[in-house]
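One-letter residues, chain by chain:
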Amino acid sequence: KPVYGREAKVITYILDNNHYRKITLGDSLSAVILHEYIKGLDNNKTYFTTADLQTFEKYGDKLDDLIRAENVEVAYLIYNAFRRRFDERMNYIMTQLITQKFDYNVDEYYESDRDKESWCKSDAELNEVWRKIIKSQALSLRLAGKSQEEIEKMLKERYERFAKSIKQFNSEDVFSMYMNAVTESYDPHTNYMSPKAADLFKQQMTLSLEGIGARLQTENDYTRVAEVIPGGPAQKSDLIHVNDRIIGVGQGTSGEVVDVIGWRIDEVVKLIKGAKGTSVRLQILPAETGINGPSKIITLVRDKIKLEDQQAQKSIINYQK
């Protein structure tokens with residue numbers, strides 16, 4: 001939409017003229033934007049190949065000029081390339097990996113922190129990475145006592161939901177991701193908020209919410225506990241801790257536990273939040289045993305969480321030489 005191009009130009013004008021770091025959008029910043037945008041789309045290095053990245057490199061010193069010309073088409077070109085790669089991976093997972101009976105006696109390793117790994121050079125390398133990802137997830141389910149039939153069913157449902165969530169991305173979502181790559185290239189704490197994100201921010205600024213009292217982040221398709229808020233149900237229960245991963249959410253004491261691996265963070269939060277006094281069941285992978293360890297299910301009673309400790313504060317310190 002032309003409005004996105006105009007909006008991008010206005011955003012960068014504001015940043016160029018008002019950001020405290022006094023950085024100007026130029027070729028060097030353009031390269032950072034490209035890197036951050038690609039990372040936002042494929043933070044786990046499991047979709048793009050080195051050939052894809054070489055194709056994108058031609059935009060590395062042009063994004064600044066394009067934005068000033070109210071042109072954000074590159075964001076959508078790269079996103080469309082991601083969607084093609086994503087669809088290829090989902091097809092491979094569904095047709096060849098979900099029903100595979102893995103040999104767990106083989107001595108092999110999967111590095112879950114893909115930041116340390118190189119980009120794949122070919123589809124064959126991507127296939128091998130995904131084989132290990134699915135095998136690792138199947139092993140976690142096996143350790144949780146699931147049968148082969150149950151494992152296949154759960155993995156199928158997991159990736160069907162994952163594919164559905166990606167297919168729900170619209171042009172505003174893509175523009176929001178691109179603009180965040182732009183703003184965060186100036187400073188990691190400078191963000192662009194879409195209308196939906198702004199509404200969520202306003203809610204957080206009321207300094208109270210009803211839930212379990214934990215701040216969550218997405219990390220390589222998992223929802224990770226980044227912080228446990230003092231005084232909340234999570235801290236009081238001592239059942240869930242920082243760096244635990246939430247892989248399933250169930251409502252009440254008997255509702256079906258919905259697998260949330262691969263979900264968008266806002267969708268996971270919607271399931272976890274709820275009215276004070278209601279229960280939520282979480283299936284977690286404890287930090288001490290990691291993603292390959294057994295999972296366990298805990299029950300928390302939601303409460304109203306006070307966020308005064310997170311309220312913005314100021315102080316003046318008089319300093320004399």
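Everything that follows concerns the structure shown earlier in this document.
The rules behind each value
Going along each chain's sequence as written, the residues are numbered from 1 onward. The predicted origin of the model limits local features to residues at a pLDDT of at least 70 and limits the giving and counting of side-chain atom pairs to 80 or more, whereas totals for whole chains, interfaces and linings rest on all residues. To obtain the side-chain values, all non-hydrogen atoms of the structure were used and water was disregarded. In this scheme, patches are assembled from residues that exceed 30% relative accessible area and form no salt bridge. Like charges are connected within 9 Å, while nonpolar side chains (Val, Leu, Ile, Met, Phe, Trp, Tyr) are connected within 5 Å. Residue burial considers only the protein chains on display, and all accessible areas are found by Shrake-Rupley using a 1.4 Å probe. We define a salt bridge as a side-chain nitrogen of Lys or Arg found within 4 Å of a carboxyl oxygen belonging to Asp or Glu. Secondary structure counts use DSSP, requiring at least four H or I residues in a row for a helix and at least two E residues in a row for a strand, with both numbered from the N terminus. Each residue gets one of three labels from its accessible area relative to the maximum for its type: buried under 20%, exposed over 50%, partly exposed in between, using a 1.4 Å probe on protein chains only. Strands are labelled as partners when DSSP assigns at least two bridges between them. Only buried residues count toward a nonpolar core, which is a set of Ala, Val, Leu, Ile, Met, Phe, Trp, Tyr and Cys residues joined through side-chain atoms within 4.5 Å. The contact rule is simple, with two residues in contact once any of their heavy atoms fall within 4.5 Å. Each aromatic pair joins two rings of Phe, Tyr and Trp (for Trp, the six-membered one) with centres within 6.5 Å, and gets the label stacked for planes under 30 degrees apart, edge-to-face for over 60, and tilted for any other angle.

S.K.: I'm lost on a nonpolar patch on the surface in this one. Help?
M.R.: There is a patch of nonpolar side chains on the surface, built from Val10, Tyr13 and Ile14 and spanning about 320 Å² of accessible area. On the secondary structure map, Ile14 appears in helix α1 (residues 2-18).

S.K.: Looking at this model, I keep getting lost on the pairing of strand β6 (residues 279-285). Mind explaining?
M.R.: Looking along a regular strand, one sees side chains alternate from face to face of the sheet. Summarising burial for β6: seven of the seven residues are buried, a large majority. Residues Ser279, Arg281, Gln283 and Leu285 point to one face of β6 and Val280, Leu282 and Ile284 to the other, with burial holding for every one of them. Pairing of β6 with strand β7 (residues 296-301) involves six bridges; the strand directions are antiparallel. Across the sheet, residue Ile284 finds its bridge partner in β7, namely Lys296.

S.K.: Mind showing me how you'd approach the nonpolar core here?
M.R.: The tendency in soluble globular proteins is for nonpolar side chains to be buried side by side. By size, the foremost hydrophobic cluster in this structure holds 57 residues, and its most contacted members are Tyr37, Phe48, Met90, Trp130, Tyr159 and Tyr178. A per-element tally of this core places helix α5 (residues 73-97) first, with 12 residues. Setting aside residues up to four positions removed in sequence, Tyr37 forms contacts with Ala75, Ile78, Tyr79, Val174, Met177, Tyr178 and Ala181. Of all hydrophobic cores here, the second largest spans 17 residues; its members include Ile212, Ile240, Val249 and Trp263.

S.K.: Looking at this structure, how should I read the packing of aromatic side chains?
M.R.: Here a ring pair, both rings aromatic, is described through the centre-centre distance and the interplanar angle of the planes. Using the criterion set out here, one finds 13 aromatic pairs in the structure. Geometrically, the ring pair formed by Phe48 and Phe56 is edge-to-face, given 5.1 Å between the ring centres and 80 degrees between the ring planes. In this pair, the class of Phe48 matches that of Phe56, namely buried. Between the aromatic rings of Tyr79 and Phe82, the centroid separation amounts to 6.0 Å while the plane-to-plane angle is 40 degrees, which identifies the pairing as tilted. One end of the pair is Tyr79 and the other is Phe82, both in helix α5 and three residues apart, which spans about a single turn. Among the residues examined, Phe82 registers a relative accessible area of 4% and is labelled buried. Among the aromatic side chains, those forming a connected cluster through ring pairs are Tyr47, Phe48, Phe56, Tyr79, Phe82, Phe86, Trp130, Tyr159, Phe162 and Phe169.

Any functional reading would require information beyond the geometric quantities listed.
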